[in-house]
Amino acid sequence: MEIRFEKRDVLKEKPDQKNLGFGKYMTDYMFVMDWTKEEGWKDARIVPYAPITLDPACVTLHYAQETFEGLKAYRTDEGKIQLFRPEMNARRMITSNERLCMPGFPEDMFVEAVKALVKVEQDWVPSEPETSLYIRPFMFATESALGVHMATSYKFMIICCPVGAYYAEGINPVRILVEDELVRAVKGGTGFTKCGGNYAGSILGQVKAEKLGYSQVLWLDGEQRKYVEEVGTMNIMFKIAGEIYTAPIEGTVLAGVTRDSMIHILRDWGYTVNETRLSIDDLMKAGCDGTLEEIFGTGTAAVISPVGELRYREDTVIVNDFKIGELTRKLYDTLTGIQWGKLEDKYGWTVEVK
Ligand SMILES: *Cc1c(COP(=O)(O)O)cnc(C)c1O
C-alpha cells in the first residue's frame, strides 16, 4: 500500500508524561483512507491531525454507521516500540463491519497503516512506567443522504494519543453495580461488534451506577437478565473455587483481545477456564458462601481491573476483602510484562514497529 505523507510545519508540544490521563492529547498526525462503491479503498495518507468537515446530512450523524478499534503501542526498556496482537483488532473490525454492512478493511492493510502511523509518531510513544500510545482506528459512512441504507462512501481513520496508567492511583479494586433493568446487547443485535451505537446506549446505565457511587456497570444478558456478560468496556472474569468463569462469545459479548490473551495464559498455567453462562444468582451465592475468590475486568485500556464490590439489587458482596487478588495481580504482571517487553514473549504476541 502506498501511503502519501503530508508534513506539518510546526509539531505540537508533547505533554508531561507523568500527567497524561486517558485520551486527552492527540498526536501530530492521523491516517486517512477513503472508500467508494466504485473504486474501493483509495488514497492512503498520513496527514496533520486536524478537524474534518461533514455534511449535516452525513448518514453517520443520523444512523450511527460507525465502528472502531483500540490497541496500544508500548515502548520497551531498550527503546523499541511494539504492538500487541494488532491482527486481532484488524480481524475484529472486519467482523464488526460485516454486521453493520460496512466495507471490510483488509487485515494486512490495517496492520500496515497502524505501523506506518506509529512510526511517524514514534516520538509520541512515552517511556514512563505504565504509559503507552493508545491507537484508535475507526470507520464511518461519509455519504450525505437521509435514507437508512448501506452507504456508498466511507472513511477509515487512525488517531493516536499518549496515555498514562489507566488508574492514576494504581490498580485499586472498583465497585460495580449489576444493572437489572437496562440491557446492552441481545442475540442477533450488535453486542459482539465495536460500534459506536453500543456505547451510546450504555451511558444511561453508567450514569445510574455513578449516582449510586459505583464506577462501572455489570451487564446481564438482554433476554432474561439472568446471566453475567460484560462490564462497561471490559470483559469480566470470575475465580470461583479455583476455576475461572467468563461469558462465552455467542453474539452479545465483545471478543476482547485481552480476554483471549488471559484465557491463553490461564490455561497455560493449568487453570480451568469455563467460557460458559454464569447466572447472577450463582455468582452472588458464591460471594456469600466464600467460594468467590476474585473478580477482574479485562480490556486494552486498563489491562485488568480488579473488582472489590458487587451490588445486585439489595445485596452486596465484597470480593477478597476489597483487595487485588493474587491471580489478578499475577495476570496483570504477566500481560504487561509481555507488552512492555520485560518478559519473554513466548506466545509470539508482540509485533515490533521499525
Ligand atoms: C473494547 C471492549 C472490550 C475489551 O476488548 P480488548 O480487545 O481486550 O480491548 C470488552 N468489551 C467491550 C464492550 C469493549 O468495547
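These lines cover the structure that appears in this document, whether it is placed above or below. (Residues numbered from 1 in each chain as written. Predicted model: local features only at pLDDT ≥ 70, side-chain atom pairs only at ≥ 80, totals over all residues. Heavy atoms only, no water.)

## Details of the site of the ligand
Note the threshold: Neighbouring residues are identified by heavy atoms, a residue being near a molecule or strand if any of them is within 4 Å of it. Any pair of N or O atoms that falls within 3.5 Å is considered a polar contact. Within protein, one atom must be able to donate a hydrogen and the other to accept it, and sequence-neighbouring residues count only if both atoms are side-chain atoms. Residue exposure ignores everything except the shown protein chains as possible cover, and the areas themselves are Shrake-Rupley values with a 1.4 Å probe. Under the scheme used here, helices are H or I runs from DSSP no shorter than 4 residues and strands are E runs no shorter than 2 residues, and both carry numbers assigned from the N terminus.
Among the 15 residues in the neighbourhood of the ligand, the closest are listed as K194, Y199, E230, T258 and T300. In this structure, V257 approaches the ligand through a main-chain N or O atom, which is 2.7 Å from an oxygen atom. Protein chains bury 96% of the 380 Å² of accessible surface belonging to the ligand in isolation. Among the elements of the structure, β12 (234-240) and α6 (257-268) are those that each provide at least two residues to the shell around the ligand.

## Comments concerning the pattern of salt bridges
For clarity, the cut-off: In what follows, salt bridge is the name for a side-chain nitrogen of Lys or Arg lying within 4 Å of a carboxyl oxygen of Asp or Glu. Per-residue accessibility, obtained with a 1.4 Å probe over protein chains only, is compared with the maximum for each type, and a residue is labelled buried under 20%, exposed over 50%, and partly exposed between these values.
In the structure shown here, the tally under the stated rule is 25 salt bridges. K208 serves as the salt-bridge partner of E181, at 3.0 Å between the closest nitrogen and oxygen. Placement of E181 in the loop between β9 (174-179) and α4 (196-200) and of K208 in helix α5 (residues 203-211) is noted, with a sequence separation of 27 residues between them. Look at E181 and you get exposed, because its relative accessible area is 51%.

## A closer look at the nonpolar core
Short version of the rule: What makes a nonpolar core is a set of buried Ala, Val, Leu, Ile, Met, Phe, Trp, Tyr and Cys residues whose side-chain atoms join them at distances within 4.5 Å.
Judged by nonpolar contacts, the single largest core of 37 residues is most densely connected at F31, F105, V118, I135 and F156. Elements supplying a minimum of two residues to this core: β2 (29-36), β3 (40-48), β5 (71-75), β6 (81-84), α2 (86-99), α3 (107-120), β7 (132-141) and β8 (153-163). Top contributing element to this core by residue count: α3, with seven residues. Within the second largest apolar cluster, 24 residues are counted, among which are V174, V231, V307 and L310.

## A look at empty space enclosed by the protein
Short version of the rule: Points on a 1 Å grid, built from protein atoms alone, make a cavity when a 1.4 Å probe fits but cannot get out and make a pocket when they are open with protein on both sides within 12 Å along at least 5 of 7 lines; residues with an atom within 4 Å of a point are the lining residues. Grid points are joined across faces, edges and corners, and a volume is the space filled by probe spheres set on the points. When residues are sorted by character, Ala, Val, Leu, Ile, Met, Phe, Trp, Tyr, Cys and Pro go into the nonpolar class, Asp, Glu, Lys and Arg into the charged class, and all the rest, Gly among them, into the polar class.
Applying the stated criterion across every chain yields a total of three cavities of 30 Å³ or more. The computed volume of the largest cavity comes to approximately 70 Å³. Around the largest cavity sit K187, Y227, V228, E229, A247, P248, E250, T252 and R277, which together line it. Residues belonging to the lining of the largest cavity are distributed by class as follows: four nonpolar, one polar and four charged.

## Considering the packing of aromatic side chains
Let me state the cut-off plainly: Pairing of aromatic rings covers Phe, Tyr and the six-membered ring of Trp, with a centre-to-centre limit of 6.5 Å; geometry is then stacked below 30 degrees between planes, edge-to-face above 60, and tilted otherwise. Note on geometry: a ring has a charge over it if NZ (lysine) or CZ (arginine) is within 6 Å of the ring centre and within 35 degrees of the ring normal.
Counted according to the given criterion, the structure contains 13 aromatic pairs. Following the ring pairs from residue to residue traces out a cluster consisting of F31, W41, F105, F110 and F156. Directly above the ring of Y214 sits R175, whose terminal nitrogen or CZ lies 4.5 Å from the centroid.

## Quick look at the layout of surface pockets
If you add up the space inside the largest pocket, you get close to 690 Å³. Elements with a contribution of two residues or more to the lining of the largest pocket: β7, α4, α5, β10 (216-220), β12, α6 and β15 (292-299). Among the elements that make up the lining of the largest pocket, the one with the highest residue count is β10 (three residues). In the lining of the largest pocket, the residues fall into 15 nonpolar, 14 polar and five charged.

Any functional reading would require information beyond the geometric quantities listed.
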